[in-house]
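Take a look at the letters that make up each chain.
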Amino acid sequence: MLDSLLDSTERETDLVWLSVLTFLPILCAAGLMVIPGRFKEWMRWWSLLGACATLTVAACTLIDYHRLLDSHSDRTTRSLYHPANRLDHRADQAAYDAAQAVPKPFSSFNMFTRRAWNERFDINYSLGVDGVSLALILLTALVTLCALVASWKIDQQLRGYLAMILILESGVIGAFLAVDLFLFYVFYELMLFPMYFLIGIWGGGRRKYAAVKFVIYTLFGSVCLLAAIITLYSVDVRDFVPKPAGDLRTEEVHTFDSVTLSRVGRAVMLVLSGQEERIGVQTVAHGQLVPTMPDDTNATVPLLAPGADREAAIARLKAATICTPTFQYILFALLFVGFAVKVPIFPLHSWLPDAHVEAPTPVSMILAGVLLKLGGYGLFRFAFPLAPWAASELCWYVGLIGAISIVYGAIVAMGQTDFKKLLAYSSVSHMGYVVLGLATWSAGARAEYWEMGVDGAIFQMLAHGITASALFFVVGMVYERAHHRDLNRLGGLMEPMPAFGGASAILFFASLGLPGLCGFVGEFLVILSAWNFSYALAIPAILTTVLTAAYLLWTWQRVYFGTNPDTAQFAEMTPRESSVLLTFAALAVALGVLPGFLIFQWMEPSIQGWVDALVRVRG
Amino acid sequence: MTFHDALFLILATASAVSALGVVVSSSIIRSAIWLLFMLMGVSGLYFFLGAEFLGAAQLIVYVGGTMVLVVFGGMLTTRGPFDHVPVGLVGWVLGGGLSLALFALLVQASLSFVSHPRTDTALPGTGPLGLTLLGVPETPGQTAYLLPFEIVSIHLLVVLIAAAYLARAKRRPTSTHPEADHG
Amino acid sequence: MVEFGFPAFLVLSAFLFACGLTCLATKRNAIGILMGVELILNAANLNFVAAARFVPTFRLEGQVFAVLVIVLAAAEAAVALAIFLNFYNNHATVNVENATDLKG
Amino acid sequence: MLEFFAEHPGRLYVAATLLPLVPAVLILLIGTVRNLTRPYADVPGIAGWLYARLNHPRVELAGAWLSIGVMGLVSFIAVYGFTTLLYEHYLPRLSGEPIAPWNLDDTRLWNVNADGGQIDWIRFGSTPVPDAELDIIKAHSIHLGYWIEIDTTVMFAMVAVVGTMIYVFSLGYMRNELKSTTIDETLQHARRGRFGRFYLYLNLFVIAMFNLIIADNLLQVFISWELVGVCSYFLISYYYERREAGWAANKAFIANRIGDVGFLIAIAISWSTCNTFMIGALGAEMPWHGALEPLFSPTMRTLLGLGLFLGCVGKSAQFPLQVWLPDAMAGPTPVSALIHAATMVAAGVYLVARCYPLFTPDALLVIAYTGCITLLIGGTVACVQTDIKKVLAYSTVSQLGYMMLALGVGGWAAGVFHLLTHAFFKALLFLGAGSVIHGLHHEQDLRKMGGLRRKMPVTAWTMFIGVLAISGFPLLSGWYSKEAILTAAATFGVAAPSHVVLAVVPFLVAGLTAFYMFRLWFLTFAGEPRDRHVYDHAHESPLVMTIPLIILAMFSIAVGWGWPAWEPEASFLYELLNHQHWPSSHFWDDPQDPLLNAATLLHEYHLLLELIAGAIGLFGFAVAYWRYVLRTPRFHATNTEPRGFLGQAWYFDAVYDACLRKPTQNLAVFTAAFDKQSSDHGAPRSLDGLLNGIGQLAANTGRGLRGIQNGQVRGYVTILGLTVVGLLGMLAVLTR
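Now for a look at the structure at hand. The residue numbering used here restarts from 1 in each chain and proceeds along that chain's sequence as written. For naming, the first written chain is A and the first written ligand is 1, with later ones following in the order written. Side-chain atom pairs in this predicted model are given and counted only at pLDDT of 80 or more, local residue features only at pLDDT of at least 70, and totals for whole chains, interfaces and linings cover all residues. Neither water nor hydrogens contribute to the side-chain values; these are computed over all heavy atoms in the structure.

1. So, the overall build of chain B
Piece 1. For chain B, the count of helices and strands is seven helices and zero strands.
Piece 2. Each helix is a run of H or I in the DSSP string that is no shorter than four residues. Each strand is a run of E no shorter than two, and both are numbered from the N terminus. Going from the N terminus to the C terminus, chain B shows its helices and strands as α-α-α-α-α-α-α.
Piece 3. Note on classification: 1.4 Å probe, protein chains only; a residue is buried when its accessible area is under 20% of the maximum for its type, exposed when over 50%, partly exposed between these limits. Taking all 183 residues of chain B together, the buried fraction comes to 34%.
Piece 4. In what follows, a contact means two residues having at least one pair of non-hydrogen atoms within 4.5 Å. Summarising the internal contacts of chain B: among those between residues at least 6 apart in sequence, 49% fall at separations of at least 24.

Rendered as structure tokens:
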């Protein structure tokens, strides 16, 4: 790989840039190893520097990505959407370029990189950025930075702790960036072991139990995911991967490339819904794949690789095992369960309260702010596109599970007396909106409502990432002062800590979905979309807003209002604490007031392309 | 029914009945005697099939060698000549049922086997067999079995030494660690 | 005219095998188990020889393998008996139910 | 700059809406910095220096005066906007034909929808679809915008003026909060003063309230709707040390959230059927507006209206969600005046008025009945309350019921008109009560007052004007609006005899209104002092509090005037509002328009109606005078807490507690136990235990399987045999 940097035809900025984004935290963790053990303060600053650098790289990536979007933007429609910017199109183009008899020089600056990692099994080191992954990466970098600031007081085995957090960040960013399923799985598992140690070593009283529970639940999901990945690898994709001219495609080809496999999934969907005549072949003009324009009402959907024999390909596809309803159902169920554990979804949420309660504050922040998002992201990036037919058949049930989580999480949260547990269950409730939003797959002209739902779901992930990690930080601050988290013994915090009270008020109300703060936008879009999809799913979600208000305000009242001699002498936030909390509060306000300007303008095109791709094959 | 068939039937019945006898006898010596008959029946079948060398080997090695070992083993390890070790009902039901099921399945498999036309050429006699074992193929290009032969020879040697070593009478050392004995 | 062919030998062999298995599963005496093994080996051998007779490609191989099996069976019997004697020396019985030293 | 506004005068309102953001942000920043630097007060350095600079009453007062100045400016803009719109668009037409409502041509300059009136808040792509049958469904953006009509300008001016008065009044009322240590009167608990925070909340509130008024779409209304709710939450819980303040704030917010469920459903309906939140565009889809193929089914239309109305029920404290408003009196009195009397609670009425064409006849009937029940509840319960603010709170409930009733029976102008007049005199009454409470050192119990007119004459006589106005004394503002409502109700009663109860109840409650308001005044100001101690320490409030009272009293007198003054229908404001003519097909499917017939019929008897209403009011006054002035001693005999059906406010709280709060809490506790139990040994009794049990099952299976591997050769052989049999069996079955 180093050679290719020197060769001018092989040089590719994206490769360097995205790899730096992914591995910078791990590099910092390695650097941590050479700092002598007695310079603890240095270690803290060094890892903070690393997290800052990662955030900076992520922010620069955002600028670059925006420039990429802008390069195709159409001023007349005031939209940044162009199909050539879609992640799947960029991935296909890269695959096409690589497959040429004389490979084209890598195109730089398209925020996608693809190198062979293991040619024998067609495993690629392919990383790509689109709006959704970028938003979540920014969230990850920010939350990790804040978590590092929050862990300033941790002294026990500091080096290992900081290294674990940085490795975790690398794993998460890598999972968000990976396009290749194998690579994704590697990163997905890479997150597991730091988390296990972070809970198991630095956690509270029942940390071992919680850590083992976390690992077992997550591994259960991973196993389902692995089964799905192997299943997908068994699919013969010879007609879907580009080949040099003259290749007769006589042998089976297998791939881990999620973009290619998603094209297979869509082709299967067309076949299973009796529209096989709409399967088309991608066309090439001037060495570039021709994207499907949004206003293109052409009935054929180009899914097969350029040069494929359409008739033979369809015949082969129809004969394949993957092209059966049972197979698709199983595939979707495996993917859904695999990611639902992470989300988490009722009834697989049991690990969450334990893990949260036992984890130290910064780890809880990362867990709630980042790791849960991987579940939603996985549903978005893999579960729906890889098995679209089953997803469209089952989406009502998926939405139902989401709605159950929403209601159930809220009711259980109301019955808690442990502050942290309450927040953990509220996460279950809030993440239910993500699943519900993704599941509102309305067909035909109503697809725009689905787009809104997906928009809402992704935004809800960002908003929840901000509010949940901030609220866990709030709990941590309270715990540091009171040394317990029993809601019935707290109270009266508003008077000794007014600035803290104000900042947490913003975050409480953001979590509660108050308009003008970040929690509202996602919930609102999801509710609108859900209403359009099914009244039966929307009404519980709407009614839960009352329950959410009830339990959060009740908590608020028990923690902040009233008088309590035990808490009257608590110290106001320190500058370190306020830097974290005020950042989150400011973000909650900013995202609530200007969601369109700050997030949607560059995130929405990706979602639009995603929805467009799936809706086209629904018919 | 030809003479061949009658002969086969007799031999097969004898073997089968003897095998059953091995199973049902509760005395170990009786079982050994039944086994002797079974081995002889099988040896007869080898002759019947035209494998004279094998039939002879069966008689010499099994009937003459192995059986003696078994009988002596039985005598050395039982208290009386007809020491009963009865088998419980559960054992019969379980083992018998299992065997019956297996037998049924095997019969089903055997009968569904596509029967080859019977070749009239006689089996190669002792000569070719011996040559094959010595590494000389019957016809050029065919496989020879020198290496397995050698391996078996070494194996036998090792086994004999091992058997002698294991079975040699030895006095157990007086135990200095009583707890180790009960472990 | 009844013609007993390959299947007849296979059935007989299956019966011997089943008897051997029963021995293994029911006998508590170690020598009995050894006899069960002998039965099973003989069943296999019978199959080899029958195959050598009825399947042209196995004419020689069937016999060679049968020879090997006979030799191995003899060796096995020798070693097994040696082990039993040793066991008997130690435990004063050859009842296999007492032979549970391998249990973890 | 001026051209910017001259081009689109509506932008003036946007600017006015956002202006209070300036003091709000300043106060917030200063407060945050002050609180964060407090720990370093005694430490030399920049933090301590900052704290010393910022922790001074002068800083807080500067914030308050800045807020007042901004509100004055906003009032000026509002009045300017109102008069401009009036002179440019309405006065020239006042004599002519009735103006068709929502005729945007009239006010085009004020509501530019195509270029400049809106901004995109969230923009979506348009996802193309293979077969786009419904071309109309094209979601492009969620926007924010403004929509200025005559009722908008009037309402805006009212909120600005009343708000300014209350800002000024609070300077005096909240003076205690300026001290660095102040004593909470109820708890005798020392705490820091929080003067700045009060103005911060007020500023945030008026921003949200203005935004609610000018919003052109339901989403924007909803956003402001919740924001005023949360400001109300924080102001009710302003004295958060007091337990009941926290509970009252929670109750208010949750009751509002219940209402907002309906609001959200209405929004969802409007978006998924019409793909718009625009109130105007939604109205265009209504059949009465001439939409040929309405996108809505009639059921959906009714549901939309009922959903919206449920939101208004929560916000305007209508039956059955009226319970939160009396409790909300736990907040400071100026807040009660501004939020819980004049503006926020009226927002529900305003929304119904603004979205009037979205309500089907069925929905309007529901509104009318709800208003009718509410005004009865409020009127009856107000008669027995002993807390001065609670009387006013129930009176507000009752008056809001009047407004809803008026809107429900087709008296659009009457409802909006009463909303405006009520805002002035109710703000006056609340501020008067605040002045009394301030003068009596936070004593709110009517039983301990009496004879205060001698000690605090300005308060007494301005409040007397307010009492006269709310009771419908001729020539005061309340008289005009109440007459309008009673006429509308009577018209409806005549036109639809089966709903005659809607006409009778308001007349009867008019008498109750006079009774409880005069009861309040007599108990406070008339007669002899009942508690010597309280009386001796009473004093008149400072000028900063009495001047707003006087100004509001003048408004309460004059806001309804017109020419000729003795003619209730000649009220200028009413005529202006009434000029917006809603087609009666909106109310009746019958083209005969019985409402119009009834109106012409009643017009001949309007003097009779006035006389009846006057007589009932007079009767109420007489009973109050007889009971609380002539027979004062009797009041001592019943000097206990209010009890019984009325005292417990029709037992609403008890029923809700038993039927809603307790079951919900029990459900929550039960579900929490179902989900996870701390000790789940043995049999799993919870979901978590069950899942753990499944894990245990694997472990137990392993333990069980270990037993098989016991070193017994026979067992191994058996298993081996079983395996072989199984495999062969599978082979036999599969290859059959």
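The structure having been displayed, the exposition proceeds.
2. Here we look at the interface of chain C and chain B
Piece 1. Contacts between chain C and chain B engage 68 residues on the former and 81 residues on the latter.
Piece 2. Carbon and sulfur atoms supply 75% of the area that chain C and chain B bury against each other, a total of about 7100 Å² over both sides.
Piece 3. One side-chain nitrogen of Lys or Arg within 4 Å of one carboxyl oxygen of Asp or Glu is enough to make a salt bridge. Where chain C packs against chain B, one counts zero salt bridges.
Piece 4. By the criterion applied in these results, polar contacts are pairs of N or O atoms within 3.5 Å in which, for protein atoms, one can donate a hydrogen and the other can accept it, and in which residues neighboring in sequence qualify only through two side-chain atoms. At the junction of chain C and chain B, the tally comes to nine residue pairs in polar contact (both at pLDDT 80 or more).
Piece 5. Elements supplying a minimum of two residues to the side of chain C that touches chain B: α1 (6–26), α2 (30–54) and α3 (59–91) of chain C.
Piece 6. It is α3(C) that provides the largest number of residues to the side of chain C that touches chain B, a total of 24 residues.
Piece 7. Here the side of chain C that touches chain B is composed, by residue class, of 52 nonpolar, nine polar and seven charged. Two parts placed together each lose some accessible area under a 1.4 Å probe, and the buried area is that loss summed for both. In this count, Pro and Cys sit with the nonpolar residues alongside Ala, Val, Leu, Ile, Met, Phe, Trp and Tyr, while Asp, Glu, Lys and Arg are called charged and the others, Gly among them, polar.

3. Looking at the state of the cysteines
Piece 1. Cysteine sulfur atoms are paired as a disulfide whenever they come within 2.5 Å of each other. Evaluation of the coordinates by the stated rule reveals zero disulfides over all chains.
Piece 2. The closest cysteine sulfur to the non-disulfide-bonded C:Cys23 is located on C:Cys19, 7.3 Å from its own sulfur.
Piece 3. Judged by relative accessible area, C:Cys23 falls into the buried class, the value being 0%.
Piece 4. Its sulfur unpaired, D:Cys355 is 7.4 Å from the next cysteine sulfur, which belongs to D:Cys312.
Piece 5. Judged by its relative accessible area of 0%, D:Cys355 is buried.

4. Some points on the interface of chain D and chain A
Piece 1. Taken residue by residue, the interface counts 70 residues in chain D and 82 residues in chain A.
Piece 2. Buried area between chain D and chain A, summed over both chains or domains, comes out near 6500 Å², and the portion from carbon and sulfur atoms is 67%.
Piece 3. The interface formed by chain D and chain A holds three salt bridges in total.
Piece 4. With its nearest N and O atoms 2.5 Å apart, the salt bridge here joins A:Lys213 to D:Asp688.
Piece 5. Our enumeration of links across chain D and chain A arrives at 19 residue pairs in polar contact (both at pLDDT 80 or more).
Piece 6. Elements that contribute at least two residues to the side of chain D that touches chain A include exactly α3 (21–37), β1 (118–123), β4 (189–191), α8 (218–236), α9 (243–274), α28 (652–675) and α29 (687–708) of chain D.
Piece 7. With 16 residues, α9(D) is the largest single contributor of residues to the side of chain D that touches chain A.

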